[in-house]
Structure formats: C-alpha cells, structure tokens
Amino acid sequence: MLAGPEIFVFSMACAILVIDLFLPARWRALCYWLAQLTLIGAALLTFKTMTGASVLTFNHMFVADNLSVLLKLAGYVLTVFVFVYSRDYLQERGIFRSEYFVLGLLGLVGTMVMASASHFLTLYLGLELMSLSLYAMIAFQRDSVVATEAAMKYFVLGAIASGMLLYGMSMLYGATGSLEIAAVARALTKISPNDVILIFGLVFVIAGTAFKLGAVPFHMWVPDVYHGAPTAVTLYVGSVPKLASFALIARLLVGGLEPLAGSWQTMLMILAVLSIAIGNIIAIAQDNIKRMLAYSSISHMGFFLLGILSASPNGYSASLFYILVYAVMSLGAFGMIILLSRSGFEAERLEDFKGLNQRSPWHAFLMLLLMLSMAGVPPTAGFYAKLLVIQSIMKVNLIPLAVAAVLLAVIGAYYYLRVIKLMYFDDATERSPIQARWDMRLLLSFNALLLVGILPWVGTLMEVCRRAIQNLA
Amino acid sequence: MLSEYALSLAVWLPIVGGVAVLATGDDRRANLARQLSLAFALLTFVVTLPLYTDFNAGTHAMQFVEDHAWIDAFKIRYRLGVDGISLLLVLLTSFSTVIVIISAWQVIEKKVAQYFAAFLIMEGLMIGVFSALDGVLFYVLWEAMLVPMFLIIGLWGGPNRVYATIKFFLYTFLGSVMMLVAIIYLYNRSGSFDILAWHDLKLGLSAQTLLFLAFFAAFAVKVPMWPVHTWLPDAHVEAPTGGSVILAAIMLKMGAYGFLRFSLPILPDASHHLAWFMIALSLIAVVYIGFVALVQEDMKKLIAYSSIAHMGFVTLGFFIFNAQGIEGGIAQMLSHGFISGAMFLCVGVLYDRLHSRMIKDYGGVANRMPVFASFMMLFAMANAGLPGTSGFVGEFLVILGAFQVNIWYAVAAATTLVFGAAYTLWMIKRVLFGEVANSHVAELKDSTPRENLFLVLLAAMVLLMGLWPYPFLDVMHASVAHLVQQIAVSKL
C-alpha cells in the first residue's frame with residue numbers, strides 16, 4: 001500500500017471526471033468538494049505509509065521515505081489552499097468546471113510520483129504527468145489569447161526540456177548501465193567522474209532540470225506563463241510544481257548523481273547566481289504584478305539552488321525548507337491578487353494595490369507580511385529560509401557566493417518595497433470594499449500569518465526538513 | 001518573579017500594546033488609541049525601572065538573563081540580558097517612547113492607531129536589540145525594526161517621504177546583510193549563536209579583518225559615520241517629529257552599541273589594526289560634518305548633521321580603547337539621545353505652528369514664545385556642550401581619553417566645541433532672537449502645557465546628567481573595565 005495515496009488520488013480524479021458528466025451545472029460545486037475530500041483522504045493514506053525508513057517497492061521503481069511523505073503532505077495542503085482560493089475566481093469568470101480540479105489533482109499525482117521515484121523512468125513519468133496537466137490548465141480559459149499563447153510556449157519549451165532530460169538520462173544509462181537511481185549511484189563510484197559520456201549526460205540533465213525549475217538562462221517561459229495563465233492557474237503553477245522541482249533535483253542529482261557533485265556544483269553555481277541577479281533586476285522593471293512575481297520566482301529558484309549546490313545534507317535540508325516556505329509565500333501572494341480581482345477585473349497591475357491600507361488595513365498587513373517574507377526581511381519565515389541556505393554555502397567555504405547572494409537580495413528588496421509603498425503610501429484609486437468568501441479570507445489570513453517567523457513552527461519545520469533528507473543519499 | 005522576566009516583559013509588553021492599539025481600529029476611536037498607547041508606554045517604562053534599581057553595578061556579567069530554546073535545529077536561542085553598557089540604552093528607549101507618545105498626542109490626526117502602534121512595536125524591538133545575547137535574535141530584531149520606521153516615515157512624513165524612506169530602508173538593509181554573513185561565519189566557526197561565546201572565540205587576523213569590515217558595514221551605516229551618512233539627513237527631514245526623535249535618540253545608538261557588543265570584544269586585533277581608519281572617519285565626521293551643519297538652512301537638516309558630528313565623537317571614544325573614551329562615548333550616546341530628541345521636538349513645536357522648518361521663515365520667536373524659547377535655548381546650549389549640561393560629560397571624557405592616546409586627536413575633537421557652538425547658536429540666534437521677522441511669527445502662541453510637559457522632562461534629564469553624572473556613569477564602570485580588558489588581550 002506504499003503507493004496507496006497515488007492510486008487513490010488518481011482514481012478519484014477519474015471518478016470526478018465521470019461524475020461531472022452526469023451532474024447538472026448547479027450541482028457542480030460537488031466536484032469541488034469531492035476534490036477537497038480526495039486530498040484529505042490522500043493525507044490520511046499518506047500518514048499510513050510513514051515508516052521513518054526508506055522502503056522500496058514495484059521492482060525498486062518506487063520508494064516511500066520521509067522525503068516523499070513530507071513532499072506529498074505539503075502538496076495536499078498547497079492544493080487545498082489553491083482550490084479554496086480559486087473557487088470564486090473561477091465562478092466569476094464562468095470557468096468553474098470540474099476539469100480544473102481534475103487537472104489539479106492529476107498534476108498533484110505527477111508530483112507525488114516524482115516525490116517517490118527511485119528510478120529514472122518513474123521520475124520521468126511523474127514529470128510528464130505533471131507537465132501535461134499544467135499545459136492543459138494554462139490553456140484552460142480557451143477564449144483568452146494570452147493564456148493560449150502562454151500554454152503554447154510552455155508546451156513547446158517544456159517538450160524540449162523533457163527531451164533534453166530524457167536524452168541526458170539515456171546517456172547516463174549508457175555510462176552506468178542502469179536506470180535505477182541507487183544502482184546508478186553505486187555504478188558511479190566505479191567510473192571516473194570525468195568520463196565524457198557521463199559529463200555529457202549530466203549537462204543535458206541539468207539543462208532539462210533548469211528548464212523545469214525556471215532558472216536563468218532557461219527561464220524564458222516563466223514570465224509568460226505566470227502572466228498569461230488565469231490567476232487561479234498561476235496560483236497552482238507557482239506552488240505545487242515547486243515541490244516537484246525539489247523532488248526532481250533531490251532524486252536525480254542528490255540521490256543518483258552525488259558522486260558527480262564536483263561537476264554539477266559548478267553548473268548550479270552559474271545557474272544560481274544568474275537566476276538571482278537577472279530575476280531580481282528584471283523584476284524591478286515590471287509593472288504587472290504577476291510578471292513581477294514570475295521574475296521573483298526566478299530569483300527564489302536561484303536561492304533554492306544555493307542550498308543544493310553546497311552538496312551537503314545541511315544544504316539539502318535548507319533548500320527543502322526554502323522551497324516549502326517559498327511555496328507558502330507564492331500561494332499567499334497570488335491568493336491576494338485573486339482576492340482583489342472581481343468579475344471582469346484582474347487586479348494584476350501594480351497600481352491595483354494602491355491605497356490598500358485605506359481599503360482594508362488587515363489585507364494590506366497580510367500583503368506586507370508576504371512581501372517582507374519574499375524579500376527575506378526578519379522576522380518573517382522568508383528570512384530564515386535565506387539564513388539557512390546562506391549558512392549552508394558558507395559552511396562549505398563559498399563565502400564570496402554568499403556575499404553576492406545577499407547583496408543581490410538587497411536589490412530584490414526594492415521591488416517588494418515598492419508594493420508596500422503602493423499599499424501604504426499612495427492614495428486609493430479604487431474604494432470598493434473587498435469581497436470574498438469567509439473560508440478564503442480565513443485561509444488567506446492563516447497563510448500569511450504562517451510567515452511570522454517567531455512562531456515555533458519554523459523551528460519544527462527545520463527539524464522535519466532535516467529528517468526528511470536523512471535517508472536520501 | 002517579575003525581575004526574572006523583566007527583560008521579556010520590556011520587549012513584549014509594548015509589542016502586545018501595539019497590537020492592542022491597532023485593534024482599536026480607525027480614527028473614530030483615536031482617543032482610545034492615544035490613551036491606550038500612553039498607558040502601555042508608561043507601563044513599559046515602569047517595567048524597565050527595576051532593571052536600574054536592581055542592577056548590580058559591581059559586576060560586568062550579564063544580568064536579568066533569560067535563556068530559552070527557540071530553534072533547536074540551529075542552536076538558536078531566545079537569550080536576553082543586560083550589562084552596564086546596554087542597561088541605560090534600554091531605559092533611554094522606554095523613556096523616549098513615552099516622550100514621543102506625548103509629543104504626538106494632538107499632532108497626528110490621520111491613522112492615529114497605526115502611528116502609535118508603530119512606535120510601541122518599535123520600542124519593543126529596540127529594547128530587544130539592546131538586550132539580545134543571541135546572534136540571530138539580535139539580527140532579527142535589528143532588521144525587524146526597519147519595518148515600522150519605514151512605515152512611519154512613508155505614511156506620516158513630508159513631501160519627499162517616499163524617496164527618503166526607501167533610501168533609508170535599502171541603505172540600512174544593505175549594511176545589515178553584510179552583518180548577517182558575519183554572524184553566520186561566526187556560527188560556522190563556533191557552533192553556536194551565543195554572542196558571549198563569540199567573545200572568547202579565537203580568530204586569525206585576516207578573518208578578523210573581514211569580519212570587522214562586515215560588521216562595520218552594518219554599524220557604520222546605522223551610526224551613521226561619514227561617508228555612509230547620506231540617508232540620515234533625508235530620513236530626518238522627511239520623518240514626522242516622533243520618527244526623527246526615535247531615529248536620532250535610539251536608532252543611531254544601535255550602530256554604536258553594535259561596535260561595543262560585536263566589533264571590539266569579538267575582533268580586538270582587527271579593531272586595533274583598523275583603529276586609525278575608524279578614528280579618521282570619526283574625526284572627519286566631527287570636523288567636516290560640523291562645517292556642513294553650519295551652512296544648513298533647514299533646522300531639521302542642521303540637527304541631523306549635528307547628530308552625525310556628535311556620533312563621530314562616540315565612535316572616536318570607542319576606538320581609542322581606554323575607559324574614559326568608551327565611558328565618554330556611552331555617556332555621549334545617552335546625552336545625545338536626550339538632546340537631539342529635544343531639539344527635534346523643539347523644531348516640531350515650531351513646525352506645528354508655522355509648517356516650515358526653514359530658518360529664514362523665523363526670527364524673534366522668543367518675543368512671542370518666551371517659555372518655549374528658554375527651553376530651546378537650554379537644549380541648544382547642551383548641544384553645544386556647555387558644562388553643567390549632559391552634552392559636556394561625554395565630550396569631556398572623550399577628549400580626556402583622546403589626550404592619553406594622541407594629542408592631535410584631542411585637538412581635532414575639541415574643535416567640535418567651537419563648531420558645535422557655532423552652528424547651534426547661530427541657528428538659535430536667527431530663529432529665536434532679534435525682531436519679530438514676519439506676521440506669521442507675530443501670531444505665534446507659546447507652548448501648550450502638553451508641550452511644556454515633554455520639554456520639562458527632557459530638560460530635567462539633560463540637567464540631571466550634566467550636574468550629577470554619577471548615577472549614569474557608575475553602572476557602566478565594571479562593564480567598560482571588562483571591555484577594555486577584552487580589547488587589550490590579543491586573540492591571535
């Protein structure tokens with residue numbers, strides 16, 4: 001029953017699809033509730049698979065360990081939030097269809113499969129399942145030109161990335177003679193790390209991963225997708241697949257290719273510095289907040305890579321912590337955009353945040369927390385995330401890299417401050433009160449307050465992350 | 001029981017108070033917000049008093065120590081304590097907040113609850129900075145404090161407030177992140193975030209030098225030292241009066257305090273090696289900024305530059321490494337806290353009436369506001385370092401200490417007595433004395449009882465410290481002596 005959660009979510013997604021066929025339009029909320037129930041059920045099943053050890057199944061293609069449990073649980077929580085936030089948004093735009101929830105669940109299954117992958121094929125399978133769901137979700141609003149364009153771009157670039165990844169994997173297979181991650185790792189200890197085929201394969205694998213991650217110079221799709229997709233979908237794209245990115249890197253680079261760390265460390269270093277620099281600098285020039293957050297996500301991926309490239313357990317757990325905190329922040333920020341949007345109006349320009357403090361001091365405060373956390377200002381959780389990754393690279397004596405990263409973070413602080421400036425210092429052009437369902441308000445407040453870093457959960461999460469990567473390599 | 005948690009109470013009471021004040025809602029209940037915040041500020045002040053009365057001046061050890069687990073995974077602890085160096089700064093903070101709240105009573109009319117709450121929350125954070133004994137706790141509070149100040153300047157400031165506040169935030173943030181790198185380095189070397197453990201950590205000279213520069217980036221910006229002072233005049237000019245007071249009275253002190261808590265005891269060898277550099281920058285601040293202050297036409301800008309010059313005195317006192325110098329520096333910090341606060345409040349009193357800070361818009365104010373003029377005159381004299389006022393104590397001790405090291409340091413520093421008197425008194429002459437300059441000045445009404453209240457409180461402190469400095473200096477002897485000893489021992 002180790003794969004129970006995956007099987008359950010997948011069957012439920014199919015069931016919802018079928019049930020929807022027989023439902024009259026006014027009963028459609030039932031699909032929403034079924035999707036939420038699925039997530040709760042999956043969480044219960046996942047708790048059952050929690051053993052604390054690393055258990056292999058399906059001919060060593062599937063693994064259940066602490067990391068997979070943590071990533072799956074985080075995935076359920078994020079998806080619950082995504083569904084709650086997007087409910088009204090979808091209804092107001094007439095796209096409240098069961099497909100959104102089904103695709104969301106299938107994307108989640110992809111993420112879950114990746115989290116549990118112990119074989120290149122499983123990993124690739126999960127990745128493709130997730131990516132295909134995302135392509136469809138982005139194009140979900142059929143009559144929106146920008147959305148279809150974004151989906152097209154993402155599909156073409158994503159297909160190239162998948163191709164590269166697959167090509168790289170085949171090279172690695174050629175060099176090591178196995179597709180099973182643990183066997184690859186074992187084989188690598190016997191091969192010279194400078195083997196040409198190996199390095200060749202590694203480059204392709206890293207390029208494919210960087211595409212999926214949205215790290216510079218493979219980031220071109222990120223702003224278009226974040227901007228073009230309906231905000232409810234951006235919300236999803238900005239949170240759940242980030243867990244998949246971590247799973248991909250943790251299983252592939254850490255679990256399988258750690259003996260080659262000397263080689264991928266340098267590659268990741270270039271990706272990380274470029275991502276932080278270019279993400280932060282170009283974000284300053286944006287006046288669309290979804291685009292701004294897209295560039296911000298590029299820079300966050302750079303920070304995330306810092307922890308990985310330290311090639312130490314300390315760094316991996318720091319990166320895991322970073323990605324979880326980032327997913328929460330991204331969720332909150334896009335949730336806030338959805339909150340301010342109404343039917344026929346997308347609050348996606350920066351000016352739409354003008355004078356939010358006059359309209360609703362509480363929501364302005366929540367956005368303040370989110371922005372400070374993204375900027376990494378204490379006492380928010382975003383600060384601890386940056387603290388941990390920087391600690392991990394300094395531990396392996398990459399001090400100039402740490403200095404560069406923090407200096408670039410200061411540049412990044414500027415555009416987050418600009419949002420705060422608009423909310424607090426400018427006069428409101430729009431004075432209508434903010435309307436939203438109570439459950440969305442409640443969850444959004446909870447979401448943002450989670451980021452107050454003096455709360456004890458920060459320390460607990462660090463400990464959980466440390467345990468999660470314990471039996472990884 | 002109470003003294004066991006005295007510091008936590010002093011940190012959290014105002015923060016809880018701030019949240020409570022925020023909960024009063026919009027301006028319809030402004031009076032409730034005002035009363036509530038005054039109550040919390042007074043209560044916090046009362047809570048901090050036992051820190052002084054129960055303080056054991058005979059030891060340099062940390063007192064009122066609290067130590068609790070916080071983030072176990074990284075051995076980050078919630079650890080608070082005060083010694084003779086930080087004790088008075090904690091009291092200065094709680095005292096200044098009361099003054100600020102009284103001073104803003106009627107002046108602030110929009111978003112009253114948010115204004116008072118910001119000051120209360122900031123008070124808690126600042127007390128936390130002065131009493132934190134854990135590197136991460138210190139950094140968290142140090143940075144968190146930027147946020148309320150950012151909002152205070154941006155929301156209630158002058159016409160160019162947005163530029164000033166973003167400059168303020170980014171400038172200080174840039175300095176602080178270097179400190180973060182230094183703190184993490186020390187953690188990786190020592191395995192804990194305990195600041196006192198770092199005091200005993202052995203470090204090589206090159207590591208010490210780099211760490212010194214990293215801490216310098218954070219502290220020098222905050223002090224501010226020449227040439228990284230340029231954010232201060234902008235921030236001061238645009239900030240509302242209360243913001244200027246806290247900025248000058250407390251926030252600048254945090255930078256100087258950082259040198260005493262981190263740079264000197266953790267990095268004694270680098271401090272000695274770079275002392276010439278620090279002294280040079282301090283003397284440039286004292287002399288050059290003194291000249292700059294002389295030509296200012298905006299009263300707030302003038303006082304801002306005078307702050308930089310006075311803080312130059314403080315850093316000079318620290319980097320001559322003798323007890324007089326360091327005690328003088330700390331005394332100067334306290335005295336400057338009272339005096340600069342008072343000067344900014346005086347400008348605020350005038351600004352509330354005429355809505356101008358330009359010296360040329362005033363003249364002959366003493367004819368119409370005799371009571372206020374005598375207060376302002378007193379504070380101006382104290383700013384110029386007149387014996388009998390608190391301004392004299394610190395400057396005298398620092399010059400005395402400098403004499404023992406190098407007579408030219410003392411001579412250069414002593415010129416401030418001339419420049420300080422020149423720019424302060426010349427401003428006073430143009431603003432207070434002479435004939436009534438224009439019809440607006442002619443209509444001025446003298447200070448109200450509320451204004452007199454906070455001016456009297458500050459005047460009392462200025463005179464008390466000037467005439468009887470013993471209670472201020474006595475508590476710091478043991479800690480300063482220990483610090484001097486720490487600097488004298490090489491870690492190489």
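Rules of the game
Residues numbered from 1 in each chain as written. Chains lettered and ligands numbered in written order. Predicted model: local features only at pLDDT ≥ 70, side-chain atom pairs only at ≥ 80, totals over all residues. Heavy atoms only, no water. Helix = DSSP H or I, 4+ residues; strand = E, 2+ residues; numbered from the N terminus. Rg over C-alpha atoms; globule rule 2.2 N^0.38 Å. Buried < 20%, exposed > 50% of the residue type's maximum accessible area, 1.4 Å probe, protein only. Contact = heavy atoms within 4.5 Å. Lys, Arg positive; Asp, Glu negative; His and termini not counted. Charge placed at Lys NZ, Arg CZ, Asp CG, Glu CD. 1 Å grid on protein atoms, 1.4 Å probe; cavity = no way out; pocket = protein on both sides within 12 Å on 5 of 7 lines; lining within 4 Å. Points joined across faces, edges and corners; volume = space filled by probe spheres on them. Nonpolar A, V, L, I, M, F, W, Y, C, P; charged D, E, K, R; others polar. Phe/Tyr/Trp six-rings, centres within 6.5 Å; stacked < 30°, edge-to-face > 60°. Axes fitted to C-alpha atoms, helices over the stretch in contact; angles between N-to-C directions. Parallel < 35°, antiparallel > 145°, perpendicular 65-115°, else oblique. Left-handed = near helix turned anticlockwise from the far one by under 90°. Expected span 1.5 Å × (residues − 1). Bend = angle between axes of the 7 residues up to and from the residue. Pairing = 2+ DSSP bridges.

Asks: Can you help me understand the overall build of chain A in this one?
Replies: Of the regular secondary structure elements, chain A holds 20 helices and 2 strands. Here chain A has a C-alpha radius of gyration of 21 Å; the compact-globule value for 473 residues is 23 Å, and the two agree. Overall size of chain A, expressed as C-alpha extent along the three principal axes, is 70 × 55 × 40 Å. Looking at chain A residue by residue over its 473 residues, the buried ones come to 66%.

Asks: Which parts of the structure should I look at to understand the overall build of chain B?
Replies: Across its full length, chain B holds 23 helices and 2 strands. Relative to the 2.2 N^0.38 estimate, which gives 23 Å for 492 residues, the radius of gyration of chain B is 21 Å and therefore close to what a compact globule would have. Viewed in the frame of its principal axes, chain B has a C-alpha envelope of about 70 × 55 × 40 Å. Considering chain B as a whole, with its 492 residues, one finds that 66% of them fall into the buried category. Taking the intrachain contacts of chain B between residues at least 6 apart in sequence as the baseline, contacts between residues at least 24 apart amount to 81%. Considering chain B, the positive charge centre built from 26 side chains and the negative charge centre built from 28 side chains are found 6 Å apart.

Asks: Explain the layout of surface pockets to me, please; I cannot follow it from the model alone.
Replies: Empty space among the atoms becomes visible once a probe the size of a water molecule is rolled across them. Approximately 1500 Å³ is the volume attributed to the largest pocket. Lining the largest pocket are 50 residues, with Phe365 and Leu368 of chain A together with Val19, Leu22 and Ile121 of chain B positioned closest to its centre. Every element with two or more residues in the lining of the largest pocket is listed here: helix H15 (356–359) and helix H16 (361–375) of chain A together with helix H1 (6–22), strand E2 (76–82), helix H4 (112–131), helix H5 (135–144) and helix H6 (146–156) of chain B. No other element matches H4 of chain B, which puts 7 residues into the lining of the largest pocket. Here the residues of the lining of the largest pocket sort into 39 nonpolar, 6 polar and 5 charged.

Asks: Can you help me understand the packing of aromatic side chains in this one?
Replies: Residue and element names in this part refer to chain B. Inspection of every chain in the model, using the stated rule, returns 52 aromatic pairs over all chains. Here the aromatic rings of Phe259 and Phe319 are separated by 5.6 Å at their centres, their planes lie at 85 degrees, and the arrangement is edge-to-face. Remark: Phe319 occurs in the loop between helix H14 (299–318) and helix H15 (323–354) and Phe259 occurs in helix H11 (residues 241–266); sequence separation between them is 60 residues. Neither Phe259 nor Phe319 differs from the other in exposure class; each is buried.

Asks: Help me understand the environment of Gly107 of chain A in this model?
Replies: All names here are of chain A. The residue Gly107 is located in helix H4 (residues 98–115) in this model. Looking at Gly107, the relative accessible area reads 0%, which means it is buried. Sequence separation of Gly107 and Lys242 is 135 residues, and the distance between their C-alpha atoms is 12 Å. Not counting residues within four places of it along the chain, the set of residues in contact with Gly107 comprises Met130, Ser133 and Tyr236.

Asks: Please explain the packing of helix H2 (residues 29–49) of chain A against H4 of chain A as it appears in this structure.
Replies: Between two packed helices, what matters for the description is the angle formed by their axes and the separation of those axes. Residue and element names in this part refer to chain A. Where H2 contacts H4, the axes come no closer than 9 Å and their chain directions differ by 15 degrees. Classed by the angle they form, the pair H2 and H4 counts as roughly parallel. Crossing of H2 against H4: the hand is left-handed. Of the residues in H4, those touching H2 at Cys31, Tyr32, Ala35, Thr38 and Leu39 are Ser98, Phe101, Leu105 and Leu108. A per-class count over the contact of H2 with H4 returns 7 nonpolar, 2 polar and no charged.

Asks: Sorry, what's going on with helix H13 (residues 275–294) of chain B here?
Replies: Note: α-helices contain 3.6 residues per turn, so residues at a spacing of three or four share the same orientation. All names here are of chain B. Between its first and last C-alpha, H13 extends 28 Å over 20 residues, near the 28 Å set by a 1.5 Å rise per residue. Roughly 25 degrees is the biggest bend found in H13, and it falls at Ala285. What H13 keeps buried is the set Ala275, Met278, Ile279, Leu281, Ser282, Leu283, Ala285, Val286, Ile289, Gly290, Val292 and Ala293. Buried-residue contacts for H13 involve helix H9 (205–222), H11, helix H12 (268–273), H14 and helix H19 (407–432).

Asks: Honestly, the packing of helix H6 (residues 145–176) of chain A against helix H8 (residues 196–213) of chain A in this entry has me stumped. Any pointers?
Replies: All names here are of chain A. Close contact between H6 and H8 brings their axes to 7 Å; oriented N to C, the two are set at 155 degrees. The orientation of H6 with respect to H8, classified from their angle, is roughly antiparallel. Relative to H8, H6 is oriented so that their crossing is left-handed. Residues of the contact of H6 with H8, tallied by class, amount to 17 nonpolar, 7 polar and 1 charged.

Asks: What is the right way to read the pairing of strand E1 (residues 63–71) of chain B from this model?
Replies: For a regular strand, side chains alternate in direction, first toward one face of the sheet and then toward the other. All names here are of chain B. Inspection of the sheet shows E1 paired to E2 by 6 bridges, in the antiparallel sense. Within the sheet, the bridge partner assigned to Asp67 lies in E2 and is Arg79. Between E1 and E2, which follow one another and run antiparallel, lie 4 residues, and Lys75 among them has a positive phi close to 55 degrees.

Asks: Would you mind going over unusual backbone geometry with me for this structure?
Replies: Peptide bonds are, in most cases, trans, and in most cases residues other than glycine have a negative phi. In this model, Val216 of chain A is joined to Pro217 of chain A through a cis peptide bond whose omega is 5 degrees. Looking at where Pro217 of chain A falls in the secondary structure, it is placed in the loop between H8 and helix H9 (221–228). Pro227 of chain B follows Trp226 of chain B through a cis peptide bond whose omega is 5 degrees. The topology assignment puts Pro227 of chain B in the loop between H9 and helix H10 (231–238).

Asks: Looking at this structure, how should I read the environment of Trp27 of chain A?
Replies: All names here are of chain A. Looking at the element boundaries, Trp27 is found in the loop between helix H1 (4–21) and H2. For Trp27, a relative accessible area of 47% gives the class partly exposed. Sequence separation between Trp27 and Leu157 is 130 residues; the distance between their C-alpha atoms is 38 Å.

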